[in-house]
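Close look at the chain arrangement
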Amino acid sequence: QVQLVESGGGLVQPGGSLRLSCAASGIIFRFYLMGWYRQAPGKQRELVAASPSGGSTNYADSVKGRFTISRDNAKNTVYLQMNSLKPEDTAVYYCNAYRAYGLGARNEYWGQGTQVTVSS
């Protein structure tokens, strides 16, 4: 059974920092592209940051220079360090694991989400 369990969300003041963690089980973690998405009320879910199994990380323009995604393959965990948080970063943040096998076959899994609220 695959599980992605996020933690680290909460309430923070503008300019503050939070670190999200996502612990994965039931997958061969090192083969998966790991990503963080977020969904604010009334908006579509959007990609925030992604860490391929091999290759460079990438970020949404809105978080470049403020957020950092990292992964520890030994711990099956992906992190999202969020600095200089803004009220517009308020959303539910979701962890995603994705692996493509070719010919259209893929596995994709989602965590349950963790709320991040940036407010004074």
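Residues numbered from 1 in each chain as written. Predicted model: local features only at pLDDT ≥ 70, side-chain atom pairs only at ≥ 80, totals over all residues. Heavy atoms only, no water.

**Some details on the pairing of strand E5 (residues 46-51)**
Bridge analysis of strand E4 (residues 33-39) against E5 gives five bridges, and the strand direction is antiparallel. Across the sheet, Met 34 pairs through a bridge with Ser 51, a residue of E5. Where E4 folds back on E5, the antiparallel hairpin that results is connected by six residues, among which Gly 42 adopts a positive phi of roughly 80°. Relative to strand E6 (residues 58-59), E5 runs antiparallel, the two being bridged by two bridges. Counted as the bridge partner of Ala 50 is Asn 58 from E6. Hairpin remark: E5 followed by E6, antiparallel, with six residues in the connecting loop; positive phi at Gly 55, about 130°. (Pairing = 2+ DSSP bridges. Helix = DSSP H or I, 4+ residues; strand = E, 2+ residues; numbered from the N terminus.)

**Details of the environment of Met 34**
Structurally, the position occupied by Met 34 is in strand E4. On a C-alpha basis, the gap between Met 34 and Val 78 in space is 7.0 Å, while along the polypeptide they are 44 residues apart. For Met 34, the contacting residues outside a window of four places in its chain are Leu 4, Phe 29, Ala 49, Ala 50, Ser 51, Ile 69, Arg 71, Val 78, Cys 95, Asn 96 and Ala 97. (Contact = heavy atoms within 4.5 Å.)

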